[in-house]
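Below, each chain spelled out in residue letters.
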Amino acid sequence: MVSSEERNLALLSHVLCIILGVLAPLIVWLIKKDESAYVAEHAKESLNFQISMIIYSFVAGILCFAVIGFVLLPLLGLFALVCIIIATIRASKGQMYEYPLTLRLVK
């Protein structure tokens, strides 16, 4: 059973990405990785997603020279926002969520 504090921290590791980007899940993961497997798993998943979005945004930025990047960047932002909202809802319900198209760099 997941406590309400664990759910709140997992939720924050997702929703704060909208404001703080990669820093929010990194801080939550570093603080709670040894205390709560549930919070650590959510923070790690969110961290991997944010790192993946940075890489994808960099590639889309380069593709702006080929004009396609101007279409990809807003779509990538919308995709990230929708995924973060879904992950936040799942975390608040005490469920796990795996972001799509995520590179699993942090193990």
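Use the structure listed above.
Draft legend 1. Inspection of the overall build of the protein at higher detail. Assigned secondary structure in the protein consists of 5 helices and 0 strands. Walking the protein from its N terminus toward its C terminus, one meets helices and strands in the order α-α-α-α-α. For the protein, the residues scored as buried account for 37% of the 107 residues in total. Counted over contacts in the protein with a minimum sequence separation of 6, partners at least 24 positions apart contribute 66%. Accessible surface for the protein amounts to roughly 6,300 Å². Of this, 72% is attributable to carbon and sulfur atoms. Between the centroid of the 8 positive side chains of the protein and the centroid of its 7 negative side chains there is a distance of 5 Å.

Draft legend 2. Representation of the environment of Gly61 in the model. Residue position: Gly61 is located in helix α4 (residues 37-62). Taking relative accessible area as the criterion, Gly61 reaches 30% and is therefore assigned partly exposed. In this structure the C-alpha to C-alpha distance between Gly61 and Leu72, which are 11 residues apart in sequence, comes to 8.6 Å.

Draft legend 3. Focus on the packing of aromatic side chains. Summed over all chains, the structure comprises 3 aromatic pairs. Ring geometry for Tyr97 versus Tyr99: centroids 5.3 Å apart, planes at 80 degrees, classification edge-to-face. In terms of burial, Tyr97 and Tyr99 fall into one category: buried. An aromatic cluster of at least three residues, connected via ring pairs, comprises Phe49, Phe79, Tyr97 and Tyr99. Looking at Lys33, its charged tip hangs above the ring of Trp29, at a distance of 4.9 Å from the centre.

Draft legend 4. How the structure looks around helix α1 (residues 4-15). Between its first and last C-alpha atoms α1 spans 16 Å; for 12 residues at 1.5 Å apiece the expected length is 16 Å, and the two agree. Those residues of α1 lying buried are Glu6, Ala10, Ser13 and His14. For α1, the buried positions fall inside an angular range of 100 degrees around the axis, keeping them on one side. In this structure, the buried side of α1 is in contact with α2 (17-20), α3 (23-32), α4 and α5 (69-92).

Draft legend 5. Structural detail: the packing of α3 against α4. Packing of α3 against α4 brings their axes to within 8 Å, and their N-to-C directions diverge by 150 degrees. Classified by the interaxial angle, the pair formed by α3 and α4 is roughly antiparallel. For the pair α3 and α4, the crossing hand works out as left-handed. Only Val39, Ala40, Ala43, Lys44, Ser46, Leu47 and Gln50 of α4 make contact with α3, whose side of the interface consists of Pro25, Leu26, Val28, Trp29 and Lys32. The residue makeup of the contact of α3 with α4, split by class, is 8 nonpolar, 2 polar and 2 charged.

Rules and cut-offs
Residues numbered from 1 in each chain as written. Predicted model: local features only at pLDDT ≥ 70, side-chain atom pairs only at ≥ 80, totals over all residues. Heavy atoms only, no water. Helix = DSSP H or I, 4+ residues; strand = E, 2+ residues; numbered from the N terminus. Buried < 20%, exposed > 50% of the residue type's maximum accessible area, 1.4 Å probe, protein only. Contact = heavy atoms within 4.5 Å. Areas by Shrake-Rupley, 256 points an atom, 1.4 Å probe, with all protein chains shown as cover. Lys, Arg positive; Asp, Glu negative; His and termini not counted. Charge placed at Lys NZ, Arg CZ, Asp CG, Glu CD. Phe/Tyr/Trp six-rings, centres within 6.5 Å; stacked < 30°, edge-to-face > 60°. Lys NZ or Arg CZ within 6 Å of the ring centre and 35° of its normal. Expected span 1.5 Å × (residues − 1). Arc of directions from axis to C-beta. Axes fitted to C-alpha atoms, helices over the stretch in contact; angles between N-to-C directions. Parallel < 35°, antiparallel > 145°, perpendicular 65-115°, else oblique. Left-handed = near helix turned anticlockwise from the far one by under 90°. Nonpolar A, V, L, I, M, F, W, Y, C, P; charged D, E, K, R; others polar.

Treat this as a map of the structure, not an account of what it does.
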